[in-house]
Amino acid sequence: PISQHKKSKKHLHLLARSRHNSAQRRIDRGREGFNASRGHFFHFPTYPVKMSEEQPYTLVRKIGDLEIRDYPASVHAQLTLSGGANTVGNKAFGPLVGYISQNKIAMTAPVIQERNDELWNVSFVMPEGMNAQDLPQPSSGDLLITDVPQHLAAATTWSGTWKYDEVEKRGEAVIKQLPELGYRVDGEPRWARYDPPWKPWFLRRNEVIVPIALLN
């Protein structure tokens, strides 16, 4: 009877462990958002990191859905990569999160993506108050710490899936409005994503942010 009791306890322990592992697999699968329109998965790696703050800016002017913002100088951790517009962010995410995790740096929203000729820059914004010279040098030569000067930008916000076609369409609409508002484009438009892929697609915050300057 004692032997049977030990076997029963062992069986229950193994069963509980199996159920725990199964539950963990379901959680991990929940971290993959399926984009039905594209037919592929966006994988958000499991790291001990969360969005703790947002990049600051001052709202200068609001015209309908368009905001004119004043961004203070900031520091970015940046990777330049090749790849498709809708998938290159996934390639950059692991190394970028690895850098801030190793150096105990809080993650600041948004994740930024912009064109660099035929390549893409994908960046994490460092928390407010950090200086490039004070940050640890990345172990990978592909990851750069860059200073971004203070600048004005025109921005528009929407909720939805991560499709670069939508980014281009909304970016063109922003640029078209600028001359009549007294501004011109003064840099590469950037795509800003504020939420992880497992957040419901209709709640994900996206922005197109276009650096601008006053017309002469």
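Here, every reference points to the structure presented above.
Before going into details, it helps to say that this report is about the structure given with it. (Residues numbered from 1 in each chain as written. Predicted model: local features only at pLDDT ≥ 70, side-chain atom pairs only at ≥ 80, totals over all residues. Heavy atoms only, no water.)

The next thing to look at is the packing of aromatic side chains. Geometrically, a pair of aromatic rings is defined through the distance of the ring centres and the angle of the planes. The final tally for this structure, using the stated rule, is 5 aromatic pairs. Plain terms: the ring middles of Y57 and Y71 are 5.4 Å apart, the flat faces sit at 50 degrees to each other, and that makes the pair tilted. Here the residue Y57 occupies a position in the loop between β3 (51-54) and β4 (58-63), and Y71 occupies one in strand β5 (residues 66-71), the gap between them amounting to 14 residues. Residue classification places Y57 among the partly exposed residues on the basis of a relative accessible area of 30%. A ring pair is formed by Y164 and W191, whose centres lie 5.6 Å apart and whose planes are at 55 degrees; its orientation type is tilted. Remark: W191 occurs in strand β12 (residues 190-193) and Y164 occurs in helix α3 (residues 164-181); sequence separation between them is 27 residues. (Phe/Tyr/Trp six-rings, centres within 6.5 Å; stacked < 30°, edge-to-face > 60°. Helix = DSSP H or I, 4+ residues; strand = E, 2+ residues; numbered from the N terminus. Buried < 20%, exposed > 50% of the residue type's maximum accessible area, 1.4 Å probe, protein only.)

Counting buried residues along β5, 5 of its 6 residues qualify, which places the element largely inside the surrounding structure. Both β4 and β5 contribute to a ladder of 5 bridges, which runs antiparallel. The residue of β5 that forms the bridge with L59 is R69. In this antiparallel pair of consecutive strands, β4 and β5, the connection spans 2 residues, and G64 shows a positive phi of 65 degrees. (Pairing = 2+ DSSP bridges.)

Once that is clear, we can look at the pattern of salt bridges. In total, this model carries 10 salt bridges according to the counting rule given. Residue R184 pairs with D186 through a salt bridge whose shortest N-O separation is 3.6 Å. Taking the shortest distance from any N to any O, the salt bridge between E207 and R205 comes out at 2.9 Å. Residue E207 is classed as buried on the basis of its relative accessible area, which comes to 0%. The class of R205 is partly exposed, set by a relative accessible area of 22%. Look at the salt bridges and you will find they share partners, linking E54, K62, E67, R69, R205 and E207 into a network. (Salt bridge = Lys/Arg side-chain N within 4 Å of Asp/Glu carboxyl O.)

Next up on the list: the side chain of N121. Tracing the chain through its elements places N121 in strand β8 (residues 119-125). There is a polar contact of 2.7 Å between the side chain of N121 and the side chain of T80. (Polar contact = N/O pair within 3.5 Å; in protein donor to acceptor, adjacent residues only side chain to side chain.)

With 6 of 7 residues buried, β8 is to be regarded as a mostly interior element. The pairing of strand β7 (residues 107-116) with β8 spans 7 bridges and is antiparallel. Following the sheet pairing, I112 is matched in β8 by S123. Turn length for the β7-β8 hairpin, with the two strands adjacent in sequence and antiparallel, is 2 residues, and the turn residue D117 shows positive phi of about 55 degrees.

Just geometry here; none of it tells us what the structure is for.
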